[in-house]
Amino acid sequence: MKSAGWVLWLILAGEVAATAQDSAVTWSHQIAPLVYNNCTTCHHPGGAGPFSLLTYEDAKRWGTQMAAVTSSRYMPPWLPEHGYGDFADERTLTGDEIALIAKWVQTGMPQGDASASPAPPQYSETWQYGTPDLILTVERPFTLPASGTDIFRNFVLPYPLQQTHYIRAMEIRPAVPRIVHHANILIDRTASFRRAHPAQWKEGVPGMELEVDTGNEFDPDSNFLFWKPDTPVLVEPDGMPWRLDPGNDLILNMHLKPSGKPETASAEIGLYFTDQPPSKQPMLLQLEHDAALDIPPGERSFVVEDALRIPVDVEVLGIYPHAHYLGKRMEAWATLPDQQKKWLIVIPSWDIDRQSVYRYRSPVFLPKGSVVHMRYTYDNSSANEHNPHTPPVRVKAGNRSEDEMAHLWLQVLPVHVPAGSPDPRLLLEEAWMRNWLNKDPRDIIPLYNLASALAAEGKYPEAIAIYRRALALHPGEERTLNELGAALENSGDWQQAQKMFLQDIAAHPGTCNARFNLARSELKHDQASDAELQFRTMLAECPADATIHSGLGAALDSEGHADAAGAEFHAALQIDPHDFTALYNLGGLALQAGQPQQAAGLLQGAVEQRPKDVDARQQLAAAYALSGRMSDAVVQLREAIALSPANPDLHAQLSQALASTGQLEQAIAERKAALHLRADDADDWNNLGVLEARAGRIAEARGDFLRALQLAPNHAQARTNLQRLPPS
Amino acid sequence: MPMIALLRTGLLALATTTTLAVDLDGRPVTQLAPAGARAVVLFFAASDCPISNRYIPEIQRLTRQFESLGVRVWFVYPNPGDTAKVVRAHDQEFSITAHTALDNKQTLAQMAYATTTPEAAVFIPEGGGLHEVYRGRIDDRYLALGTERPQATRHDLEEAIRAVLAGKPVPQPGGPPVGCSVVTLQP
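What counts, and where the lines are drawn
Residues numbered from 1 in each chain as written. Chains lettered and ligands numbered in written order. Predicted model: local features only at pLDDT ≥ 70, side-chain atom pairs only at ≥ 80, totals over all residues. Heavy atoms only, no water. Helix = DSSP H or I, 4+ residues; strand = E, 2+ residues; numbered from the N terminus. Buried < 20%, exposed > 50% of the residue type's maximum accessible area, 1.4 Å probe, protein only. Contact = heavy atoms within 4.5 Å. Areas by Shrake-Rupley, 256 points an atom, 1.4 Å probe, with all protein chains shown as cover. Lys, Arg positive; Asp, Glu negative; His and termini not counted. Charge placed at Lys NZ, Arg CZ, Asp CG, Glu CD. Pairing = 2+ DSSP bridges. Disulfide = S-S within 2.5 Å.

A.B. asks: How should I be thinking about the overall build of chain A in this particular structure?
C.D. replies: Across its full length, chain A carries 23 helices and 22 strands. With the C-alpha coordinates of chain A rotated into their principal frame, the extents come out at 140 × 65 × 50 Å. For chain A, with 728 residues in total, the buried portion stands at 52%. Contacts in chain A between residues at least 24 apart in sequence constitute 70% of all its contacts with a sequence separation of at least 6. By element, 52% of the accessible surface of chain A is carried by carbon and sulfur atoms, the whole surface being about 32,600 Å². Of the side chains in chain A, 61 bear a positive and 89 a negative charge, and the two mean positions are spaced by 2 Å.

A.B. asks: Just to check I follow, could you spell out the sheet that holds strand 6 (residues 205-206) of chain A for this structure?
C.D. replies: Sheet strands pair by backbone hydrogen bonding; their relative direction is either parallel or antiparallel. Residue and element names in this part refer to chain A. Ordered in space as 6-3-10-5-7, the five strands form an open sheet in which the pairing is antiparallel. Both outer strands of the open sheet, strand 6 and strand 7 (226-227), are each paired with one neighbouring strand and no more. Where strand 3 (residues 151-158) and strand 10 (residues 249-256) come together, eight bridges link them in antiparallel fashion. Counted as the bridge partner of Phe155 is Leu252 from strand 10.

A.B. asks: Looking at this model, I keep getting lost on the state of the cysteines. Mind explaining?
C.D. replies: As used here, a disulfide is simply a covalent bond connecting the sulfur atoms of two cysteines. Residue and element names in this part refer to chain A. Under the criterion given, the structure shown has two disulfides over all chains. Paired by a disulfide, Cys512 and Cys542 hold their sulfur atoms 2.0 Å apart. A torsion of -100° about the S-S bond marks the disulfide between Cys512 and Cys542 as left-handed. Pair noted here: Cys512 is in the loop between helix 10 (494-507) and helix 11 (513-524) and Cys542 is in the loop between helix 12 (528-541) and helix 13 (546-558), with a separation of 30 residues, a long-range link. We classify Cys542 as buried; its relative accessible area is 11%. No disulfide involves Cys39; its sulfur sits 9.1 Å from that of Cys42, the nearest cysteine. Judged by its relative accessible area of 17%, Cys39 falls in the buried class.

A.B. asks: For this particular structure, what's the right way to read unusual backbone geometry?
C.D. replies: Leaving glycine out, the prevailing phi sign among residues is negative, and the prevailing peptide bond configuration is trans. Residues and elements named next belong to chain A. Put simply, Met75 and Pro76 share a cis peptide bond, and its omega is -10°. Looking at where Pro76 falls in the secondary structure, it is placed in the loop between helix 3 (56-71) and helix 4 (95-106). Residue Pro391 is reached from Thr390 by a cis peptide bond, and omega for that bond is -5°. With respect to the helices and strands, the residue Pro391 is situated in the loop between strand 20 (371-378) and strand 21 (395-396). The backbone of Ala191 sits at a positive phi, close to 55°, despite the residue not being glycine. Position of Ala191 among the secondary structure elements: in the loop between strand 5 (180-188) and helix 5 (192-196).

Take a look at the structure:
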């Protein structure tokens, strides 16, 4: 009896061992690789995760939780439904992987052969992306209370430099990563948020949403600047850096969760610069319908929708859906012109704590005429565990966390832009603002932005009409007056324009923009001394700005004070090395001073800033020609002619440059092109004659000189040339 | 809401010499209920469990509120990694001044049937022993790992303590405790 039992036990043990060998799940073989690939970017010492999973001992401590949160798909955090948009850095486990973790935990979390375990990944204790070029730090950290609801706080970080920089990457390092759900950065071009909260901004301002004043230039936000625990570094794609100018602020909006003890809420932002300005210009576009948010208490399925027709071909690069605590299901899709439905994202169960920007693995092409739709469903019943109100109350849109939002942001890159067409982002802006106005016809923001887009597209009469409509609703509004003035100026009605600027300055004496535009108008209309006065007032009263210095330089130049002008242009370049006016005019001054090589360097900079500026290319060609770089001059002149084919001067200059490099036939063709545009130019005929003579076509040359003399009987050169011609 | 007068009928008859746990100086804890106590609350905590830590202010609030009414609150650390040194540093970090017990043999966890941190148990002193009348979550802020209300709507533990003090039937938790499993002791 005894020995039989012993034998039986041995057999059973043998069977167990065999099974374990076949399919044992161990840390070293299966679990460590899975954890290192999916978990440890957050779960490492000092990381954003609440505990580390780098070692076997760590993982064993948390094994039971790992099995629970992976099977419920709470971890890794990922909200979008698979198959509705193909996203980069999609972080999900397969069913098999989840089963593997469960089995490992059930079988006692064996380590296996420790020597076969992969080496744990290394995480820097400081900057993951290396030493930044500039570090901004929250000036006064906020003490997050030990307990209570989550807190949303906005910290202002002024950009301290006096030069413009392009940012190719950014890293955010919260002082205590564990307490940060996520963070968003906004660029405040006009420091408007700081000015709106003068007593408070240093401590941070509470609030989930904020509005900033984007200023007068059409300069739409281009990049999502979003931090989440597993993505501390944001590296922008090639050619798409973002920009910071002197006077800009970064606003860091942090979603903070109390930890049980008072915590220091602070952060450092590391910026990595590039010298290369953007070669591609994406834009952030918004769908929203906050006005429709009026959700009765108890309502379980309240739907909010918006749709936006896209007026140009675009690639969608990223998407950022946003609601607060009542949001449940989020859908976004595009209906293509052929009625095909293309999903952009589906989030079946929204959770604000895990919100994120999602970037597409490859850009999603939407042809012109596609319509982007958003459809959000809200649950304001007590069955929604996220409901901030017990019992539920009526909820509308607002920036407190207990209010709601219905926003969908897209990062789009216009593609297939026909040569010579206006900035496609203006068409996107126009479509966006028209859509907004349809929802709220009296809102000053879309009225103003629509008019600005139209003005920038050169549609001045329509822009002027919309500015006037905005002024009728909001009389005396500083910026609208100024922009109406600018549109009038550009439409040619500069007298009316100057009246608007003066009206704006009289009503708002501190205004810098109207004064700047008035000064520019005066400069343009031979009122240089008036312009000088305005620029000097601005230097005393307005924030340091490269364009004020370069404007003053241009006024001084017009008044004949070349040295003083040069000093102002240099001051402008100190602030912004890319200031076009300063580069262009300094280049011109260098040409006049007989320094063509120096001029070429400056004018190259000007052409980089405004590749479509014909004058700049023409001046650069002259600088090259005078430096003996004839083939470079030819290239610039050809570019200029592509931009302005009906300009005879350009053809004439190209002819000259070609002739000096021995390309006689092409030079003749260009001189003829010039004459085709201005047949009565005696110099051109004379020069054509010279070229024909060199080519051995004496009869033609004679005809050309005679034609020159016919147009200008006293043309000495033509007469001499004619006399020197050998008999034909 | 389920109302059960007594969760478990078993009494813990404890002789004063029985070592239940140790304090931070290694001295045995033999008596959970001081003389005259009307209730004993054990708060099962883990120094490395985020949800457990997030409940510390709430437990301290309850301690302040009910201490003078005869309620003795203990922070109980059942995990083997929570040594005296670790817990002392943790108590200091979180400004915990309450009575602390290291449940190094998990005697208290077994006595209370606690499996999770954070989890609370309420006992009534009865005939020289302790009688468990409540065990479970502190409130309903966490419904599952990853499912969290912006704030609690039901304070289960507080309701239980109030019921005990009022001599009323003790309401039972409306949902499971959510947090980190108590780590099994290695033999």
